[in-house]
Amino acid sequence: MLFELREVGVDRGGRAVLDSFGASVPDGSTAIVGPSGVGKSTLLRLLNRLADPDRGEIAYRGRPLTEYEPLALRREVALVPQLPALLEGTVESNLRYAAELAGEELDAEATLARAGLDPSFAARDVSRLSVGEQQRAMLARALAQRPRVLLLDEPTSALDHAARDRIEAALAELRREHEVSIVLVSHDPEQARRLGDQILEMPA
Amino acid sequence: MSTSIHIAPWQVAASLVLVGLAAAISFWQRADLERDILVATGRSIVQLTLVGYAIKLIFDADTIWLVLLLLAAMVFFGAITARHRAAKVPDSFGPLLIALALAGASTLGLVVALGIFEPTPRYLVPVGGMVIGNAMTASAVALNRLGDEMADARSRIEATLALGATAREAAAPTVRRALRSGMIALVDSTKTTGLIFFPGTMVGMLLAGASPTDAVRLQLILLYTLLGSVSISALTATLLAYRHFFTQAAQLRDPGS
Ligand SMILES: Nc1ncnc2c1ncn2[C@@H]1O[C@H](COP(=O)(O)OP(=O)(O)O)[C@@H](O)[C@H]1O
Ligand SMILES: [Mg+2]
(Lines give C-alpha, C1' and ligand atoms only; values in the text may rest on other atoms or scores of the structure.)
(Ligands and ions follow the chains in the order given, each with its own letter.)
Protein backbone atom coordinates (compact mmCIF):
# COMPACT_ATOMS: atom_id res chain seq x y z
CA MET A 1 0.00 0.00 0.00
CA LEU A 2 1.25 3.47 -0.90
CA PHE A 3 -0.51 5.35 1.89
CA GLU A 4 -2.53 4.02 4.80
CA LEU A 5 -4.49 6.51 6.91
CA ARG A 6 -6.02 5.52 10.23
CA GLU A 7 -8.29 7.63 12.46
CA VAL A 8 -6.69 10.81 11.12
CA GLY A 9 -7.85 14.08 12.67
CA VAL A 10 -6.78 17.64 11.87
CA ASP A 11 -7.97 20.76 13.70
CA ARG A 12 -7.90 24.17 12.03
CA GLY A 13 -9.17 27.38 13.52
CA GLY A 14 -10.58 25.58 16.56
CA ARG A 15 -12.60 22.97 14.67
CA ALA A 16 -11.94 19.54 13.21
CA VAL A 17 -11.38 19.74 9.44
CA LEU A 18 -10.71 16.00 9.33
CA ASP A 19 -12.00 13.63 11.97
CA SER A 20 -11.42 9.89 12.30
CA PHE A 21 -10.60 9.75 8.62
CA GLY A 22 -9.38 6.44 7.26
CA ALA A 23 -8.33 5.42 3.76
CA SER A 24 -6.00 3.21 1.77
CA VAL A 25 -4.23 4.58 -1.28
CA PRO A 26 -2.60 1.96 -3.51
CA ASP A 27 0.17 2.45 -6.07
CA GLY A 28 -0.99 3.78 -9.40
CA SER A 29 -3.32 6.70 -9.83
CA THR A 30 -5.83 7.76 -7.19
CA ALA A 31 -8.26 10.66 -7.46
CA ILE A 32 -9.59 12.26 -4.28
CA VAL A 33 -12.93 13.96 -4.85
CA GLY A 34 -15.28 15.91 -2.65
CA PRO A 35 -16.95 19.29 -2.43
CA SER A 36 -15.00 22.45 -1.73
CA GLY A 37 -14.00 22.82 1.91
CA VAL A 38 -14.15 19.14 2.98
CA GLY A 39 -10.42 19.06 3.63
CA LYS A 40 -8.91 17.70 0.41
CA SER A 41 -5.98 20.13 0.40
CA THR A 42 -5.50 19.61 4.14
CA LEU A 43 -5.31 15.86 3.57
CA LEU A 44 -2.87 16.12 0.67
CA ARG A 45 -0.47 18.29 2.66
CA LEU A 46 -0.30 15.60 5.35
CA LEU A 47 1.05 13.08 2.84
CA ASN A 48 4.45 14.74 2.41
CA ARG A 49 4.49 16.23 5.90
CA LEU A 50 3.93 19.86 5.01
CA ALA A 51 1.68 19.47 8.06
CA ASP A 52 1.23 16.73 10.64
CA PRO A 53 -2.15 15.39 11.82
CA ASP A 54 -3.32 16.22 15.32
CA ARG A 55 -4.64 12.67 15.76
CA GLY A 56 -4.25 9.29 14.11
CA GLU A 57 -1.56 7.71 11.97
CA ILE A 58 -0.38 7.78 8.39
CA ALA A 59 1.90 5.14 6.90
CA TYR A 60 3.83 5.41 3.64
CA ARG A 61 4.89 2.08 2.12
CA GLY A 62 4.20 0.35 5.41
CA ARG A 63 6.23 2.69 7.64
CA PRO A 64 4.86 5.53 9.77
CA LEU A 65 5.31 8.83 7.96
CA THR A 66 6.98 10.34 11.02
CA GLU A 67 9.85 7.86 10.68
CA TYR A 68 10.87 9.47 7.39
CA GLU A 69 13.18 12.46 7.35
CA PRO A 70 10.80 15.21 6.15
CA LEU A 71 13.12 16.82 3.58
CA ALA A 72 14.01 13.50 1.95
CA LEU A 73 10.37 12.44 2.03
CA ARG A 74 9.31 15.58 0.17
CA ARG A 75 11.74 14.87 -2.66
CA GLU A 76 10.32 11.39 -3.01
CA VAL A 77 6.68 12.43 -2.52
CA ALA A 78 6.36 15.68 -4.45
CA LEU A 79 3.43 18.04 -3.96
CA VAL A 80 2.21 20.49 -6.58
CA PRO A 81 0.02 23.06 -4.82
CA GLN A 82 -3.30 24.32 -6.11
CA LEU A 83 -1.96 27.74 -7.07
CA PRO A 84 1.38 28.01 -8.85
CA ALA A 85 4.17 29.55 -6.77
CA LEU A 86 7.41 29.54 -8.72
CA LEU A 87 10.65 31.18 -7.63
CA GLU A 88 11.76 34.38 -9.39
CA GLY A 89 13.79 33.67 -12.51
CA THR A 90 13.38 31.49 -15.55
CA VAL A 91 11.57 28.19 -15.87
CA GLU A 92 14.92 26.47 -16.21
CA SER A 93 16.34 28.05 -13.06
CA ASN A 94 13.30 26.72 -11.20
CA LEU A 95 13.85 23.23 -12.61
CA ARG A 96 17.53 23.40 -11.79
CA TYR A 97 16.84 24.49 -8.21
CA ALA A 98 14.52 21.51 -7.72
CA ALA A 99 16.88 19.05 -9.40
CA GLU A 100 19.83 20.21 -7.30
CA LEU A 101 17.86 19.85 -4.08
CA ALA A 102 17.12 16.26 -5.07
CA GLY A 103 20.67 15.58 -6.26
CA GLU A 104 19.42 14.80 -9.77
CA GLU A 105 20.92 15.63 -13.15
CA LEU A 106 18.63 17.98 -15.05
CA ASP A 107 17.50 17.22 -18.60
CA ALA A 108 15.42 20.36 -18.98
CA GLU A 109 14.05 19.50 -22.42
CA ALA A 110 12.84 16.03 -21.47
CA THR A 111 11.41 17.27 -18.17
CA LEU A 112 9.48 20.07 -19.87
CA ALA A 113 8.14 17.62 -22.43
CA ARG A 114 6.81 15.32 -19.69
CA ALA A 115 4.84 18.29 -18.32
CA GLY A 116 3.50 19.15 -21.76
CA LEU A 117 5.75 22.16 -22.39
CA ASP A 118 8.00 22.63 -25.40
CA PRO A 119 11.74 23.29 -24.97
CA SER A 120 11.43 27.04 -25.64
CA PHE A 121 9.90 27.42 -22.18
CA ALA A 122 13.25 26.77 -20.49
CA ALA A 123 14.44 30.34 -21.04
CA ARG A 124 11.10 32.01 -20.28
CA ASP A 125 10.83 34.28 -17.25
CA VAL A 126 8.22 32.86 -14.88
CA SER A 127 6.61 36.28 -14.42
CA ARG A 128 5.70 36.25 -18.13
CA LEU A 129 3.81 32.95 -18.07
CA SER A 130 0.05 32.46 -18.08
CA VAL A 131 -1.43 30.64 -15.08
CA GLY A 132 -1.82 27.48 -17.17
CA GLU A 133 1.84 27.64 -18.22
CA GLN A 134 2.90 28.30 -14.64
CA GLN A 135 0.89 25.29 -13.52
CA ARG A 136 2.71 23.09 -16.06
CA ALA A 137 6.04 24.64 -15.03
CA MET A 138 5.20 23.65 -11.44
CA LEU A 139 4.55 20.10 -12.65
CA ALA A 140 7.83 20.10 -14.57
CA ARG A 141 9.66 21.39 -11.50
CA ALA A 142 8.27 18.55 -9.41
CA LEU A 143 9.24 16.03 -12.12
CA ALA A 144 12.79 17.43 -12.19
CA GLN A 145 13.24 15.78 -8.78
CA ARG A 146 12.32 12.35 -10.20
CA PRO A 147 9.78 11.72 -7.44
CA ARG A 148 8.15 8.34 -6.92
CA VAL A 149 4.83 9.88 -5.94
CA LEU A 150 3.15 13.03 -7.26
CA LEU A 151 0.57 14.80 -5.10
CA LEU A 152 -1.47 17.16 -7.27
CA ASP A 153 -3.89 19.63 -5.69
CA GLU A 154 -6.59 20.54 -8.23
CA PRO A 155 -4.01 21.00 -10.98
CA THR A 156 -6.55 22.40 -13.44
CA SER A 157 -8.86 24.43 -11.20
CA ALA A 158 -7.61 27.84 -12.33
CA LEU A 159 -7.46 26.94 -16.02
CA ASP A 160 -9.61 27.19 -19.15
CA HIS A 161 -10.53 24.07 -21.11
CA ALA A 162 -7.61 24.14 -23.52
CA ALA A 163 -5.05 24.50 -20.73
CA ARG A 164 -6.85 21.84 -18.68
CA ASP A 165 -6.70 19.39 -21.58
CA ARG A 166 -2.96 19.92 -21.97
CA ILE A 167 -2.34 19.19 -18.27
CA GLU A 168 -4.60 16.17 -18.39
CA ALA A 169 -2.78 14.85 -21.45
CA ALA A 170 0.54 15.21 -19.64
CA LEU A 171 -0.83 13.43 -16.57
CA ALA A 172 -2.34 10.63 -18.65
CA GLU A 173 1.09 10.09 -20.20
CA LEU A 174 2.78 10.00 -16.77
CA ARG A 175 0.19 7.51 -15.64
CA ARG A 176 0.99 5.25 -18.61
CA GLU A 177 4.70 5.35 -17.80
CA HIS A 178 4.00 3.69 -14.43
CA GLU A 179 7.16 5.19 -12.96
CA VAL A 180 5.36 7.51 -10.68
CA SER A 181 2.22 7.06 -8.57
CA ILE A 182 -0.27 9.90 -8.65
CA VAL A 183 -2.60 11.18 -5.95
CA LEU A 184 -4.78 13.84 -7.50
CA VAL A 185 -7.31 16.07 -5.78
CA SER A 186 -10.23 17.21 -7.89
CA HIS A 187 -13.66 18.67 -7.32
CA ASP A 188 -14.67 17.45 -10.78
CA PRO A 189 -15.92 13.81 -10.77
CA GLU A 190 -15.52 13.63 -14.56
CA GLN A 191 -11.86 14.52 -14.30
CA ALA A 192 -11.42 12.02 -11.47
CA ARG A 193 -12.81 9.28 -13.72
CA ARG A 194 -10.55 10.31 -16.57
CA LEU A 195 -7.38 10.32 -14.50
CA GLY A 196 -7.84 7.92 -11.58
CA ASP A 197 -7.53 4.14 -11.44
CA GLN A 198 -9.17 4.49 -8.09
CA ILE A 199 -11.49 7.17 -6.73
CA LEU A 200 -11.54 8.15 -3.10
CA GLU A 201 -14.58 10.12 -2.12
CA MET A 202 -14.42 12.45 0.86
CA PRO A 203 -17.79 12.68 2.60
CA ALA A 204 -19.14 16.18 3.15
CA MET B 1 38.12 67.90 22.90
CA SER B 2 38.05 70.66 25.50
CA THR B 3 35.27 72.72 23.99
CA SER B 4 32.40 73.57 26.25
CA ILE B 5 29.56 76.01 26.04
CA HIS B 6 26.96 77.11 28.52
CA ILE B 7 23.25 77.28 27.75
CA ALA B 8 21.08 79.26 30.16
CA PRO B 9 17.49 78.21 30.97
CA TRP B 10 16.10 81.41 29.39
CA GLN B 11 17.59 80.39 26.05
CA VAL B 12 15.65 77.12 26.14
CA ALA B 13 12.52 78.96 27.20
CA ALA B 14 12.93 81.40 24.32
CA SER B 15 13.07 78.54 21.82
CA LEU B 16 9.54 77.62 22.92
CA VAL B 17 8.39 80.50 20.72
CA LEU B 18 8.95 78.19 17.79
CA VAL B 19 6.82 75.52 19.44
CA GLY B 20 4.10 78.13 19.74
CA LEU B 21 4.50 78.86 16.05
CA ALA B 22 4.10 75.16 15.20
CA ALA B 23 0.97 74.95 17.34
CA ALA B 24 -0.44 78.10 15.72
CA ILE B 25 0.09 76.68 12.23
CA SER B 26 -1.59 73.45 13.26
CA PHE B 27 -4.55 75.35 14.74
CA TRP B 28 -4.86 77.71 11.79
CA GLN B 29 -4.75 74.92 9.16
CA ARG B 30 -6.79 72.51 11.36
CA ALA B 31 -4.02 69.89 11.22
CA ASP B 32 -5.31 68.85 14.65
CA LEU B 33 -1.83 68.40 16.08
CA GLU B 34 -1.90 71.02 18.88
CA ARG B 35 -2.42 68.44 21.60
CA ASP B 36 0.33 66.23 20.20
CA ILE B 37 2.69 69.18 19.99
CA LEU B 38 1.95 70.02 23.62
CA VAL B 39 2.48 66.43 24.75
CA ALA B 40 5.65 66.12 22.65
CA THR B 41 7.08 69.32 24.12
CA GLY B 42 6.27 68.28 27.68
CA ARG B 43 7.71 64.82 27.20
CA SER B 44 10.89 66.11 25.58
CA ILE B 45 11.54 68.43 28.55
CA VAL B 46 10.90 65.75 31.17
CA GLN B 47 12.66 62.88 29.38
CA LEU B 48 15.76 64.80 28.38
CA THR B 49 16.08 66.41 31.80
CA LEU B 50 15.89 63.01 33.49
CA VAL B 51 18.43 61.53 31.07
CA GLY B 52 20.63 64.58 31.64
CA TYR B 53 20.63 63.96 35.40
CA ALA B 54 21.28 60.24 34.87
CA ILE B 55 24.23 61.00 32.62
CA LYS B 56 25.59 63.56 35.09
CA LEU B 57 25.32 60.94 37.81
CA ILE B 58 27.21 58.43 35.71
CA PHE B 59 29.88 60.95 34.68
CA ASP B 60 30.39 61.99 38.30
CA ALA B 61 30.58 58.41 39.57
CA ASP B 62 33.02 57.65 36.75
CA THR B 63 32.77 53.86 37.01
CA ILE B 64 32.39 51.52 34.07
CA TRP B 65 29.74 49.46 35.91
CA LEU B 66 27.15 52.20 35.90
CA VAL B 67 27.77 52.68 32.18
CA LEU B 68 27.24 48.99 31.50
CA LEU B 69 24.07 49.06 33.58
CA LEU B 70 22.74 51.99 31.57
CA LEU B 71 23.60 50.31 28.25
CA ALA B 72 21.96 47.05 29.41
CA ALA B 73 18.81 48.98 30.30
CA MET B 74 18.83 50.62 26.85
CA VAL B 75 19.15 47.21 25.19
CA PHE B 76 16.28 45.84 27.27
CA PHE B 77 13.87 48.73 26.67
CA GLY B 78 14.98 48.96 23.04
CA ALA B 79 14.01 45.32 22.51
CA ILE B 80 10.63 45.93 24.16
CA THR B 81 9.98 48.94 21.92
CA ALA B 82 11.08 47.18 18.75
CA ARG B 83 8.87 44.20 19.57
CA HIS B 84 5.74 46.29 19.00
CA ARG B 85 6.80 47.03 15.45
CA ALA B 86 7.53 43.35 14.84
CA ALA B 87 4.07 42.22 15.90
CA LYS B 88 3.73 39.69 13.06
CA VAL B 89 6.88 37.84 14.11
CA PRO B 90 6.20 35.17 16.76
CA ASP B 91 8.27 35.62 19.95
CA SER B 92 10.38 38.45 18.54
CA PHE B 93 11.64 39.65 21.93
CA GLY B 94 14.47 37.10 22.25
CA PRO B 95 15.96 37.75 18.80
CA LEU B 96 15.69 41.53 19.32
CA LEU B 97 17.34 41.39 22.74
CA ILE B 98 20.23 39.32 21.43
CA ALA B 99 20.53 41.51 18.31
CA LEU B 100 20.76 44.77 20.29
CA ALA B 101 23.13 43.32 22.88
CA LEU B 102 25.40 41.88 20.22
CA ALA B 103 25.37 45.03 18.10
CA GLY B 104 26.11 47.24 21.11
CA ALA B 105 28.80 45.03 22.61
CA SER B 106 30.65 44.30 19.37
CA THR B 107 30.70 47.84 17.95
CA LEU B 108 31.59 49.51 21.25
CA GLY B 109 34.14 46.79 21.92
CA LEU B 110 35.69 47.36 18.51
CA VAL B 111 35.95 51.14 18.67
CA VAL B 112 37.57 50.84 22.09
CA ALA B 113 39.88 48.01 21.00
CA LEU B 114 40.96 50.00 17.93
CA GLY B 115 41.80 52.90 20.22
CA ILE B 116 39.28 55.24 18.61
CA PHE B 117 37.58 56.07 21.91
CA GLU B 118 38.71 55.68 25.49
CA PRO B 119 36.60 53.32 27.59
CA THR B 120 35.31 56.13 29.80
CA PRO B 121 31.71 57.19 30.50
CA ARG B 122 32.24 60.40 28.52
CA TYR B 123 32.56 58.37 25.30
CA LEU B 124 30.71 55.15 26.03
CA VAL B 125 27.43 56.74 27.14
CA PRO B 126 26.71 58.94 24.11
CA VAL B 127 28.21 56.55 21.54
CA GLY B 128 26.47 53.57 23.17
CA GLY B 129 23.16 55.41 23.12
CA MET B 130 23.47 56.13 19.40
CA VAL B 131 24.64 52.63 18.57
CA ILE B 132 21.83 50.92 20.47
CA GLY B 133 19.19 53.38 19.26
CA ASN B 134 20.12 52.85 15.62
CA ALA B 135 20.41 49.10 16.13
CA MET B 136 16.90 49.13 17.57
CA THR B 137 15.45 51.00 14.60
CA ALA B 138 17.21 48.77 12.10
CA SER B 139 16.16 45.50 13.72
CA ALA B 140 12.59 46.74 14.21
CA VAL B 141 12.35 47.71 10.53
CA ALA B 142 13.92 44.40 9.47
CA LEU B 143 11.54 42.28 11.56
CA ASN B 144 8.55 44.37 10.57
CA ARG B 145 9.40 43.66 6.95
CA LEU B 146 10.10 40.01 7.74
CA GLY B 147 6.61 39.63 9.20
CA ASP B 148 4.96 41.21 6.16
CA GLU B 149 7.05 39.30 3.66
CA MET B 150 6.53 35.95 5.36
CA ALA B 151 2.78 36.53 5.20
CA ASP B 152 2.91 37.56 1.53
CA ALA B 153 5.25 34.77 0.48
CA ARG B 154 3.51 31.95 2.37
CA SER B 155 2.46 29.98 -0.68
CA ARG B 156 5.84 30.38 -2.38
CA ILE B 157 7.71 29.37 0.77
CA GLU B 158 5.52 26.33 1.26
CA ALA B 159 5.92 25.35 -2.41
CA THR B 160 9.68 25.54 -1.91
CA LEU B 161 9.49 23.45 1.27
CA ALA B 162 7.50 20.92 -0.78
CA LEU B 163 10.62 20.42 -2.91
CA GLY B 164 12.54 19.32 0.15
CA ALA B 165 14.24 22.67 0.77
CA THR B 166 15.23 23.47 4.35
CA ALA B 167 13.45 26.27 6.20
CA ARG B 168 16.60 28.34 5.71
CA GLU B 169 16.59 27.81 1.95
CA ALA B 170 12.86 28.43 1.58
CA ALA B 171 13.04 31.65 3.59
CA ALA B 172 16.27 32.93 2.02
CA PRO B 173 14.74 35.50 -0.40
CA THR B 174 12.49 36.78 2.38
CA VAL B 175 15.32 37.02 4.89
CA ARG B 176 17.43 38.86 2.31
CA ARG B 177 14.74 41.47 1.70
CA ALA B 178 14.14 41.95 5.43
CA LEU B 179 17.85 42.44 6.06
CA ARG B 180 18.10 44.95 3.22
CA SER B 181 15.21 47.03 4.47
CA GLY B 182 16.77 47.12 7.95
CA MET B 183 20.07 48.45 6.59
CA ILE B 184 19.01 50.61 3.65
CA ALA B 185 17.93 53.74 5.54
CA LEU B 186 21.33 54.30 7.13
CA VAL B 187 23.23 53.38 3.96
CA ASP B 188 21.16 55.93 2.03
CA SER B 189 21.53 58.67 4.59
CA THR B 190 25.28 58.00 4.73
CA LYS B 191 25.39 58.56 0.98
CA THR B 192 23.69 61.94 1.17
CA THR B 193 25.20 63.10 4.46
CA GLY B 194 26.48 66.66 4.25
CA LEU B 195 24.69 67.29 0.97
CA ILE B 196 21.04 67.19 1.96
CA PHE B 197 21.36 67.41 5.70
CA PHE B 198 23.96 68.08 8.37
CA PRO B 199 24.11 65.15 10.76
CA GLY B 200 23.37 65.85 14.41
CA THR B 201 26.78 65.18 15.86
CA MET B 202 28.48 67.57 13.48
CA VAL B 203 25.91 70.26 14.19
CA GLY B 204 26.40 69.76 17.93
CA MET B 205 30.18 69.89 17.67
CA LEU B 206 30.12 73.06 15.58
CA LEU B 207 27.70 74.72 17.97
CA ALA B 208 29.89 73.72 20.88
CA GLY B 209 32.80 75.50 19.24
CA ALA B 210 34.83 72.61 17.85
CA SER B 211 36.83 73.04 14.67
CA PRO B 212 35.09 71.90 11.47
CA THR B 213 37.86 69.34 10.91
CA ASP B 214 37.23 67.68 14.26
CA ALA B 215 33.48 67.84 13.75
CA VAL B 216 33.76 66.11 10.37
CA ARG B 217 36.13 63.44 11.64
CA LEU B 218 33.99 62.56 14.62
CA GLN B 219 30.91 62.47 12.44
CA LEU B 220 32.58 60.04 10.02
CA ILE B 221 33.65 57.76 12.86
CA LEU B 222 30.12 57.70 14.22
CA LEU B 223 28.53 57.04 10.82
CA TYR B 224 30.81 54.08 10.22
CA THR B 225 30.26 52.77 13.74
CA LEU B 226 26.51 52.99 13.17
CA LEU B 227 26.77 51.15 9.85
CA GLY B 228 28.46 48.30 11.68
CA SER B 229 25.94 48.25 14.48
CA VAL B 230 22.94 48.46 12.16
CA SER B 231 24.17 45.55 10.03
CA ILE B 232 24.92 43.34 13.00
CA SER B 233 21.57 43.97 14.65
CA ALA B 234 19.47 43.58 11.49
CA LEU B 235 21.33 40.39 10.55
CA THR B 236 21.13 38.86 14.01
CA ALA B 237 17.46 39.70 14.47
CA THR B 238 16.36 38.31 11.08
CA LEU B 239 18.48 35.15 11.27
CA LEU B 240 17.16 34.33 14.74
CA ALA B 241 13.55 35.36 14.08
CA TYR B 242 12.79 33.67 10.74
CA ARG B 243 13.08 30.27 12.45
CA HIS B 244 10.06 31.11 14.56
CA PHE B 245 7.86 30.78 11.46
CA PHE B 246 8.80 27.10 11.05
CA THR B 247 8.48 23.89 13.05
CA GLN B 248 11.31 21.45 13.69
CA ALA B 249 10.08 19.36 10.75
CA ALA B 250 10.48 22.33 8.35
CA GLN B 251 6.76 23.06 8.23
CA LEU B 252 5.35 26.55 7.99
CA ARG B 253 3.49 27.31 11.21
CA ASP B 254 -0.17 28.25 11.07
CA PRO B 255 -0.30 32.03 11.62
CA GLY B 256 -3.32 31.61 13.89
CA SER B 257 -1.65 29.26 16.35
N1 LIG C 1 -5.16 27.46 8.47
C2 LIG C 1 -6.48 27.34 8.55
N3 LIG C 1 -7.18 28.00 9.51
C4 LIG C 1 -8.52 27.89 9.60
N5 LIG C 1 -9.26 27.12 8.79
C6 LIG C 1 -8.64 26.44 7.83
C7 LIG C 1 -7.22 26.51 7.64
N8 LIG C 1 -6.89 25.72 6.60
C9 LIG C 1 -8.05 25.19 6.15
N10 LIG C 1 -9.08 25.61 6.88
C11 LIG C 1 -10.49 25.22 6.70
O12 LIG C 1 -10.52 23.83 6.61
C13 LIG C 1 -11.48 23.43 5.66
C14 LIG C 1 -10.86 22.50 4.64
O15 LIG C 1 -9.95 23.24 3.86
P16 LIG C 1 -9.27 22.58 2.57
O17 LIG C 1 -8.49 21.38 2.99
O18 LIG C 1 -8.52 23.66 1.89
O19 LIG C 1 -10.54 22.14 1.72
P20 LIG C 1 -10.63 21.70 0.20
O21 LIG C 1 -9.25 21.61 -0.34
O22 LIG C 1 -11.34 20.39 0.22
O23 LIG C 1 -11.45 22.74 -0.49
C24 LIG C 1 -12.09 24.68 5.05
O25 LIG C 1 -13.31 24.93 5.68
C26 LIG C 1 -11.08 25.74 5.39
O27 LIG C 1 -11.72 26.98 5.58
MG1 LIG D 1 -8.29 22.75 -1.82
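Caption draft 1: Summary view of the site of ligand 1. Around ligand 1 sit 13 residues, and of these Arg15, Gly37, Lys40, Ser41 and Thr42 of chain A come closest. The environment of ligand 1 is shared, with nearby residues belonging to chains A and B. Within the backbone of Gly39 of chain A, a nitrogen or oxygen atom sits 3.0 Å from an oxygen atom of ligand 1. Within the side chain of Thr42 of chain A, a nitrogen or oxygen atom sits 2.5 Å from an oxygen atom of ligand 1. Put simply, the parts of the chain that give the shell around ligand 1 at least two residues each are β2 (15-25) and α1 (40-47) of chain A. The element best represented in the shell around ligand 1 is α1 of chain A, accounting for 3 residues. The class makeup of the residues in the shell around ligand 1 is 3 nonpolar, 6 polar and 4 charged.

Caption draft 2: Up close: the domain arrangement of chain B. Residues and elements named next belong to chain B. For chain B, the assigned domains are domain 1 (6-61) and domain 2 (62-245). Each of domain 1 and domain 2 was reduced to a C-alpha centroid, and the two centroids are 27 Å apart. On the domain 2 side, the residues contacting the 5 residues of domain 1 number 8 residues. Interface area for domain 1 against domain 2, summed over the two sides, is near 600 Å², with a carbon-plus-sulfur share of 79%. It is Ile58, Phe59 and Ala61 in domain 1 that bury the most area against domain 2; as a group they hold 85% of the surface buried on that side. Between the two partners, domain 1 and domain 2, sit 0 salt bridges. Counting across the interface, domain 1 meets domain 2 through 4 residue pairs in polar contact (both at pLDDT 80 or more). For the side of domain 1 that touches domain 2, the per-class residue count stands at 4 nonpolar, no polar and 1 charged.

Caption draft 3: Layout of the interface of chain A and chain B. On the side of chain B, 17 residues touch chain A, which itself brings 23 residues to the contact. Summing both sides of the interface, chain A and chain B together bury roughly 1,700 Å²; the carbon and sulfur share of this comes to 53%. When the area that chain A buries against chain B is broken down by residue, the three leading residues are Leu50, Leu71 and Arg74 of chain A, summing to 28%. Applying the counting criterion to the chain A and chain B interface returns 3 salt bridges. Notably, a salt bridge pairs Arg177 of chain B with Glu88 of chain A, separated by 4.0 Å at the nearest N-O pair. Elements represented by at least two residues in the side of chain A that touches chain B include exactly α2 (70-76), α3 (91-102) and α5 (131-143) of chain A. With 4 residues, α2 of chain A is the single largest residue contributor to the side of chain A that touches chain B. A class-by-class count of the residues in the side of chain A that touches chain B yields 13 nonpolar, 2 polar and 8 charged.

Caption draft 4: Broad picture of helix α7 (residues 167-192) of chain B. End to end, α7 of chain B covers 37 Å across 26 residues, agreeing with the expected 38 Å (1.5 Å per residue, within 8%). Positioned one or two residues after α7 of chain B, Gly194 of chain B has a phi angle of 90 degrees, which is positive.

Caption draft 5: The arrangement of the side chain of Ser139 of chain B in detail. All names here are of chain B. Mapped onto the fold, Ser139 is located in helix α5 (residues 121-152). A polar contact of 2.9 Å, which involves the side chain of Ser139, links it to the backbone oxygen of Ala135. Discounting chain neighbours no more than four positions away, the residues touching Ser139 are Leu96, Leu100, Ser233, Ala234 and Ala237.

Caption draft 6: How the structure looks around the nonpolar core. Core analysis: the largest hydrophobic core is formed by 84 residues, its most contacted members being Phe3, Leu5, Tyr60, Leu151 and Val183 of chain A together with Leu146 and Phe246 of chain B. Looking at which element gives the most residues to this core, the answer is α5 of chain B, with 13 residues. Not counting residues within four places of it along the chain, the set of residues in contact with Leu146 of chain B comprises Thr174, Val175, Ala178, Thr238, Ala241, Tyr242 and Phe245 of chain B. One finds Ala78 and Ala140 of chain A together with Ala159 and Leu163 of chain B within the second-largest nonpolar core, a separate group that totals 42 residues.

Caption draft 7: Looking closely at empty space enclosed by the protein. With the rule as written, the count across this model stands at 2 cavities of 30 Å³ or more. As a volume, the largest cavity reaches approximately 60 Å³. Considering the residues around the largest cavity, the lining is formed by Ala78, Leu79, Val80, Pro81, Met138, Arg141 and Ala142 of chain A together with Ala159 and Leu163 of chain B. Secondary structure elements with two or more residues in the lining of the largest cavity: β6 (77-80) and α5 of chain A. Partitioning the lining of the largest cavity into residue classes produces 8 nonpolar, no polar and 1 charged. Approximately 40 Å³ is the volume attributed to the second largest cavity. Looking at the lining of the second largest cavity, the elements that each hand over two or more residues are α5 and α6 (161-177) of chain A. Its residues assigned to classes, the lining of the second largest cavity shows 6 nonpolar, 1 polar and no charged.

What counts, and where the lines are drawn
Residues numbered from 1 in each chain as written. Chains lettered and ligands numbered in written order. Predicted model: local features only at pLDDT ≥ 70, side-chain atom pairs only at ≥ 80, totals over all residues. Heavy atoms only, no water. Near = heavy atom within 4 Å. Polar contact = N/O pair within 3.5 Å; in protein donor to acceptor, adjacent residues only side chain to side chain. Helix = DSSP H or I, 4+ residues; strand = E, 2+ residues; numbered from the N terminus. Nonpolar A, V, L, I, M, F, W, Y, C, P; charged D, E, K, R; others polar. Domains from an automatic or database assignment. Contact = heavy atoms within 4.5 Å. Buried area = accessible area lost by both parts, 1.4 Å probe. Salt bridge = Lys/Arg side-chain N within 4 Å of Asp/Glu carboxyl O. Expected span 1.5 Å × (residues − 1). Core = buried A, V, L, I, M, F, W, Y, C linked by side-chain atoms within 4.5 Å. Buried < 20%, exposed > 50% of the residue type's maximum accessible area, 1.4 Å probe, protein only. 1 Å grid on protein atoms, 1.4 Å probe; cavity = no way out; pocket = protein on both sides within 12 Å on 5 of 7 lines; lining within 4 Å. Points joined across faces, edges and corners; volume = space filled by probe spheres on them.

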